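Take a look at the letters that make up each chain.
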Amino acid sequence: MRTSGERTLLRIRVGEQDKWFGRPLHEVIVHEARLLGLAGAAAFKGFLGFGPGPGLPVLIEIVDTDEKVRALLPKLDEMVRDGLITLEKVPVVLSRTAS
């Protein structure tokens, strides 16, 4: 499938040591995105950085329709205690899924 057009990029910055009920927070966020049927998510561990908590930063990126991305925001409001959440409109040039 090939898609293009405008989508919403959700970017979440948390710490590598942040937890949600004993599980790494970044793993829980990616799992929640999958449960909501979002197109995909990726988590990247930073090798340098700082913020309010200890440890290195982890950045999670999710791109999908605005409606689907915003459906995740209430859950993130519960889970992300120290971090940063941003939204931006992005042009998607190409998105392919193997068939």
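Note that the coordinates shown come from a computational prediction; the quantities given were computed from them, not determined experimentally.

Undergrad: What am I meant to see in the overall build of the protein chain here?
TA: A count of helices and strands for the protein chain gives two helices and six strands. For the protein chain, the sequential pattern of α-helices and β-strands runs β-β-β-α-β-β-α-β. The C-alpha extent of the protein chain, read off along each of the three principal axes, is 40 × 25 × 25 Å. Counting the 99 residues in the protein chain, one finds 30% classified as buried. Residue pairs at least 24 apart in sequence account for 73% of intrachain contacts in the protein chain once pairs closer than 6 positions are excluded. When the accessible surface of the protein chain is summed, it comes to about 6600 Å², and 55% of that surface belongs to carbon and sulfur atoms.

Undergrad: When you look at the pattern of salt bridges in this model, what are you seeing that I'm missing?
TA: Pairing between side chains becomes possible if they bear opposite charge and their charged atoms approach one another. In total, this model carries five salt bridges according to the counting rule given. Between E88 and R11 there is a salt bridge, with its nearest N and O atoms 3.4 Å apart. With a gap of 77 residues between them, E88 in strand β6 (residues 84-96) and R11 in strand β1 (residues 2-15) connect regions that are remote in the sequence. With a relative accessible area of 35%, E88 lands in the partly exposed category. Overall, R11 belongs to the partly exposed group, its relative accessible area being 27%. Among the salt bridges present, the one from K89 reaches D66, with a minimum N-O distance of 3.3 Å. Placement of K89 in strand β6 and of D66 in helix α2 (residues 66-79) is noted, with a sequence separation of 23 residues between them. Looking at K89, the relative accessible area reads 46%, which means it is partly exposed.

Undergrad: Help me out: how do you make sense of helix α1 (residues 25-35) in this one?
TA: Note that an α-helix has 3.6 residues per turn; residues three or four places apart therefore point the same way. Those residues of α1 not exposed but buried are L25, H26, V28, I29, E32 and A33. The buried side chains of α1 occupy one side of the element, clustering within an arc of 160° when seen end-on. Turned more than 90 degrees off the buried face of α1, the exposed positions are R34 and L35. Positive backbone phi, at 80°, marks G37, one or two positions downstream of α1.

Undergrad: Just to check I follow, could you spell out the environment of V30 for this structure?
TA: By secondary structure assignment, the location of V30 is in helix α1. V30 sits twelve residues away from A42 along the chain, and the two C-alpha atoms are 7.2 Å apart. Excluding anything up to four places from it in sequence, V30 contacts A41, A43 and I60.

Undergrad: Sorry, what's going on with the environment of I29 here?
TA: If you trace the backbone, I29 turns up in helix α1. Looking at I29, the relative accessible area reads 0%, which means it is buried. As for I29 and G55, which are separated by 26 residues in sequence, their C-alpha atoms are 18 Å apart.

How each quantity is defined
- Residues numbered from 1 in each chain as written.
- Predicted model: local features only at pLDDT ≥ 70, side-chain atom pairs only at ≥ 80, totals over all residues.
- Heavy atoms only, no water.
- Helix = DSSP H or I, 4+ residues; strand = E, 2+ residues; numbered from the N terminus.
- Buried < 20%, exposed > 50% of the residue type's maximum accessible area, 1.4 Å probe, protein only.
- Contact = heavy atoms within 4.5 Å.
- Areas by Shrake-Rupley, 256 points an atom, 1.4 Å probe, with all protein chains shown as cover.
- Salt bridge = Lys/Arg side-chain N within 4 Å of Asp/Glu carboxyl O.
- Arc of directions from axis to C-beta.

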